[in-house]
Amino acid sequence: MRQDTGVPLPVSVQICTLNEESNIRDCLIAVAANNPEEIVVIDGGSTDQTVKISSDMGARVLQPGRLGLGPSRQLGWCSTKSPYVAFVDADDLIPPTWLEEMLSQLKEGEYEALQSTVRAQLDGSWLANGWDQYFRTSIRPAGATTMVGRPALFTVKSLRAVESPLPSLDEDTHLSHFFEQLGFKQGVGTATAFRKVERSIGANVRKWRSYGRGYKGFVMDHPDRRNALVRHMIWTIPVRRSWPPVFQGHLSQPLFGFLMALSIGVGWLEATRAEKCR
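Draft legend 1. Representation of the nonpolar core. Counting residues in each nonpolar core, the largest one holds 29 residues, and the members touching the most others are Val-11, Ile-15, Val-31, Trp-98, Leu-99 and Leu-153. Dropping the residues within four chain positions of it, Leu-153 is found in contact with Val-11, Tyr-84, Val-85, Ala-86, Leu-99, Met-102, Leu-103, Leu-106, Glu-112, Ala-113 and Leu-114. Membership of the second largest hydrophobic core comes to 22 residues, among which are Ala-128, Trp-131, Phe-256 and Ile-264.

So this is what it looks like as structure tokens:
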């Protein structure tokens, strides 16, 4: 634990946004409570009040337009003077000690990238509960991993070692693959963040389809990972991560997993058809 809690942590917390006026205020309040030395909002062309809210609340706002998520993240980490960068999404809520815990564990474990565990912000809905169970079975503290999602903490020197551009979709998978190739240590810590999840089936299906398109794009760049991602879609999501919660009373979790896997598969096929038409 730090003895002088008035000293800001040497971290640039970076949030990529696009029309997030309903989430960004709560996200920024939670981030500010962690006392980072910098908060950066990288906006992708919002037409709502996202930029104004972020600026009014003291964040440094970058407005590169619709670069896509991967290039926006790269712009963010290249723009900071902090030695560490945390990627937080606008729908994430991090507790006041989250950043301190993440930084301590990253240093102690000598990681270059450390993901937080995640829980859904429960609102009594079936979808929020489904996401919460999915997070519980898929994101667990681990001494080492080959995949780091969000929210997460990185050393800036490791991020700047990635010379290739990141794609707009599934940028976290590509980034973790680069880290693996470079021999950088990645892990999942014990600090927990809470995520506001989409409340409608339609919004979730659109999100899952984007996952599928991102997976397909990753496989096109890395054909050797095809079998692993196909197994992830047809086995890991609908079976291995969906059935254990049943034995804890969450009887409809397999339906949630099936809908997720099916939607991801549709997104995969959409990307396949688009590639054939080029």
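Draft legend 2. Highlighting the pattern of salt bridges. The final tally for this structure, using the stated rule, is 17 salt bridges. Across the pair Asp-132 and Arg-136 runs a salt bridge whose closest N-O atoms are separated by 2.8 Å. With Asp-132 and Arg-136 both in helix H5 (residues 126-138) and four residues apart, the pair spans about one turn of that helix. Measuring nitrogen to oxygen at the nearest pair gives 3.1 Å for the salt bridge that ties Glu-270 to Arg-213. In this pair, Glu-270 sits in helix H10 (residues 253-276) while Arg-213 sits in helix H8 (residues 201-221), placing the two residues 57 residues apart along the sequence. When salt bridges with common partners are traced through the structure, they connect Arg-73, Asp-89, Arg-150, Glu-171 and Asp-172 into a single cluster.

Draft legend 3. The side chain of Gln-74, seen in detail. Take Gln-74: it is sitting in helix H3 (residues 69-78). From its side chain, Gln-74 meets the backbone oxygen of Ser-164 in a polar contact 3.1 Å long. Excluding its chain neighbours within four sequence positions, the residues that come into contact with Gln-74 are Val-162, Ser-164, Pro-165 and Leu-166.

Draft legend 4. Just the packing of helix H9 (residues 226-240) against H10, in detail. At a minimum axis distance of 7 Å, the contact between H9 and H10 shows a crossing angle of 150°. In terms of orientation, H9 lies roughly antiparallel with respect to H10. Along the contact surface, H9 presents Arg-226, Leu-229, Val-230, Met-233, Ile-237 and Pro-238, while H10 presents Gly-257, Met-260, Ala-261, Ile-264, Gly-265 and Trp-268.

Draft legend 5. Structural view of the environment of Tyr-111. For Tyr-111, the location among the structural elements is in the loop between helix H4 (98-108) and strand E6 (113-120). Each residue touching Tyr-111, except ones within four places of it in the same chain, is listed here: Gln-105, Leu-106, Ala-142, Gly-143, Thr-155, Lys-185, Gln-186 and Gly-187. A distance of 2.6 Å separates a polar atom in the side chain of Tyr-111 from the backbone oxygen of Gly-143.

Draft legend 6. The arrangement of H8 in detail. Helix length check: H8 (21 residues) gives 31 Å between terminal C-alpha atoms against 30 Å at 1.5 Å per residue, within 8%. Those residues of H8 not exposed but buried are Ala-203, Asn-204, Trp-208, Ser-210, Gly-212, Gly-214, Tyr-215, Lys-216, Phe-218 and Val-219.

Draft legend 7. Expanded view of the packing of aromatic side chains. Within the structure shown, the criterion is met by eleven aromatic pairs. Relative to Phe-87, the ring of Trp-77 has its centre 6.2 Å away and its plane inclined at 25°; by these criteria the two rings are stacked. Taken together, the residues span a long stretch of sequence, with Trp-77 in helix H3 and Phe-87 in strand E4 (residues 84-87) at a distance of ten residues. For the ring pair Trp-131 and Tyr-134, a centre distance of 6.0 Å and an interplane angle of 85° mean the geometry is edge-to-face. Linking Trp-131 with Tyr-134, this pair stays in helix H5, spanning three residues, or about one helical turn. Residue placement shows Arg-73 over the ring face of Phe-87; its charged tip is 4.8 Å from the ring centre. The aromatic ring of Tyr-111 is capped on one face by Lys-185, whose charged end is 4.6 Å from the ring centroid.

Draft legend 8. Representation of unusual backbone geometry within the structure. Residue Pro-151 follows Arg-150 across a cis peptide bond; omega there is -5°. Tracing the backbone shows Pro-151 in the loop between H5 and strand E7 (152-155). Its identity as a non-glycine residue notwithstanding, Asn-19 has a phi of 55°, on the positive side. Take Asn-19: it is sitting in the loop between strand E1 (9-17) and helix H1 (24-32). Its identity is not glycine, yet Glu-110 carries a phi of approximately 55°, on the positive side. Looking at the element boundaries, Glu-110 is found in the loop between H4 and E6. Assessed through its relative accessible area of 65%, Glu-110 is described here as exposed.

Procedures and definitions
Residues numbered from 1 in each chain as written. Predicted model: local features only at pLDDT ≥ 70, side-chain atom pairs only at ≥ 80, totals over all residues. Heavy atoms only, no water. Core = buried A, V, L, I, M, F, W, Y, C linked by side-chain atoms within 4.5 Å. Buried < 20%, exposed > 50% of the residue type's maximum accessible area, 1.4 Å probe, protein only. Contact = heavy atoms within 4.5 Å. Salt bridge = Lys/Arg side-chain N within 4 Å of Asp/Glu carboxyl O. Helix = DSSP H or I, 4+ residues; strand = E, 2+ residues; numbered from the N terminus. Polar contact = N/O pair within 3.5 Å; in protein donor to acceptor, adjacent residues only side chain to side chain. Axes fitted to C-alpha atoms, helices over the stretch in contact; angles between N-to-C directions. Parallel < 35°, antiparallel > 145°, perpendicular 65-115°, else oblique. Expected span 1.5 Å × (residues − 1). Phe/Tyr/Trp six-rings, centres within 6.5 Å; stacked < 30°, edge-to-face > 60°. Lys NZ or Arg CZ within 6 Å of the ring centre and 35° of its normal.

Limitation: the analysis is restricted to geometry and does not speak to function.
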